[in-house]
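Chain by chain, the residues:
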Amino acid sequence: MNTRFSILIPSWNNLAFLQLCIRSIRQNSAADHEILVHVNDGSDGTLEWVRQQHIKHTHSAENIGVCLALNGLRSLMTTDYLVFMNDDMYVCPGWDVALAEEIQAIGHHYFFLSSTLLQPRPFFCKSVIAPADYGQTVAEFDEQRLLREYRDLKHGDWQGATWPPNIVHRDLWDLVGGYSIEYSPGMYSDPDFSAKLWKVGVRIFKGVDRSRVYHFEARSTHRIVKNDGSTQFLRKWGITSASFIRDILHRGEPWKGQIDEPSPQLQKDLLRSRLKRALTIFRDVKIKNIWEQ
């Protein structure tokens, strides 16, 4: 494999997971990929560790969220392909070969690809293989069993790439301006990025079955003050994120080729979305009036 990726990893005081993630990249990749880390805070030893490992990184004294982190790391890239990966992920052998072969088969840069996740807990979307429990912490991670079994779990390529690990050409990233910082710290920034790609003409949103990554779901969202991403998405695009994912991206459905036509349900959902958008404006005006009284 001659194609190298730049793997961008935002991390917030999650050192044990980050170490495992980077070890898996170094151990299970077919190419020597460029690893770039944004260290949020880093008071748990993360900052010292990435320096000791001579990993290219950026740093903020406090958590700035994934959008600003990714956009900052973009300036350090030296390859053509940007991979966004969470720090609580473990890549399985062949993950990068499958993506590189898919890119070569596509033959142009107007695509957005995601790896297929394995997760320990039941999950609502069919794009994820779940439950596939190989441990929910680094201490209980059954790495050898995962390496024996990850290929045997039946799935298939799927529609609707949004969440990480995902890969995009750097020119396409720059064209749409990366991740939108108004979504900081990051809720709903993934579907927003897909919507921006759709807007500039991307029609290949594909989840690649052979590119498999274990996701521990070590969520840090309980530590942050969340942005109201669903309302932001609705007001920006005039459609709910759920409708966009279902009617346009068809996320989780079996892969049938590039998206040429939205779902017939789209027009009905657009009408509902306009009503919901109006209600959010009414809600905010009402709340503002209450506080001003």
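This one's a predicted model, so the numbers in the text were calculated from it and none came from an experiment.

Moving on to the packing of helix H7 (residues 189-199) against helix H9 (residues 241-249). Taken N-terminus to C-terminus, the directions of H7 and H9 make an angle of 45 degrees; their axes are 11 Å apart at the nearest point. On the basis of their axis angle, the class for H7 and H9 is oblique. Considering only the axes of H7 and H9, their crossing is left-handed. Residues Pro 191, Ser 194, Ala 195 and Trp 198 of H7 touch H9, and the partners they reach there are Phe 244, Ile 245, Ile 248 and Leu 249.

Among the residues of helix H3 (residues 65-74), Gly 65, Cys 67, Ala 69, Leu 70, Leu 73 and Arg 74 are the ones counted as buried. Buried residues in H3 make contact with strand S1 (5-12), strand S2 (34-40), strand S3 (56-60), strand S4 (81-84), helix H6 (170-176) and H7.

With that settled, the discussion passes to the packing of aromatic side chains. Applying the stated criterion across every chain yields a total of 21 aromatic pairs. Between Phe 123 and Phe 124 the ring centres are 4.6 Å apart and the planes differ by 40 degrees, which places this aromatic pair in the tilted class. An aromatic cluster is built from Phe 84, Phe 112, Trp 173, Tyr 179, Phe 193, Trp 198 and Phe 205, whose rings are joined through pairwise contacts. The lysine or arginine in question, Arg 203, covers the ring of Trp 198, its NZ or CZ lying 3.5 Å from the ring centre. Above the face of the Trp 12 ring, Arg 223 is positioned so that its terminal group lies 4.2 Å from the ring centre.

This brings us to a nonpolar patch on the surface. Taken together, the side chains of Tyr 110, Leu 175 and Val 200 make up a nonpolar region of the molecular surface, amounting to roughly 240 Å² of accessible area. Structurally, Val 200 is set in the loop between H7 and strand S9 (205-215). Owing to a relative accessible area of 31%, Val 200 belongs among the partly exposed residues under this scheme.

Cut-offs applied
Residues numbered from 1 in each chain as written. Predicted model: local features only at pLDDT ≥ 70, side-chain atom pairs only at ≥ 80, totals over all residues. Heavy atoms only, no water. Axes fitted to C-alpha atoms, helices over the stretch in contact; angles between N-to-C directions. Helix = DSSP H or I, 4+ residues; strand = E, 2+ residues; numbered from the N terminus. Parallel < 35°, antiparallel > 145°, perpendicular 65-115°, else oblique. Left-handed = near helix turned anticlockwise from the far one by under 90°. Contact = heavy atoms within 4.5 Å. Buried < 20%, exposed > 50% of the residue type's maximum accessible area, 1.4 Å probe, protein only. Phe/Tyr/Trp six-rings, centres within 6.5 Å; stacked < 30°, edge-to-face > 60°. Lys NZ or Arg CZ within 6 Å of the ring centre and 35° of its normal. Patch = residues over 30% accessible without salt bridge, like charges linked within 9 Å, V, L, I, M, F, W, Y side chains within 5 Å. Areas by Shrake-Rupley, 256 points an atom, 1.4 Å probe, with all protein chains shown as cover. Salt bridge = Lys/Arg side-chain N within 4 Å of Asp/Glu carboxyl O.

Keep in mind these values describe shape, not function.
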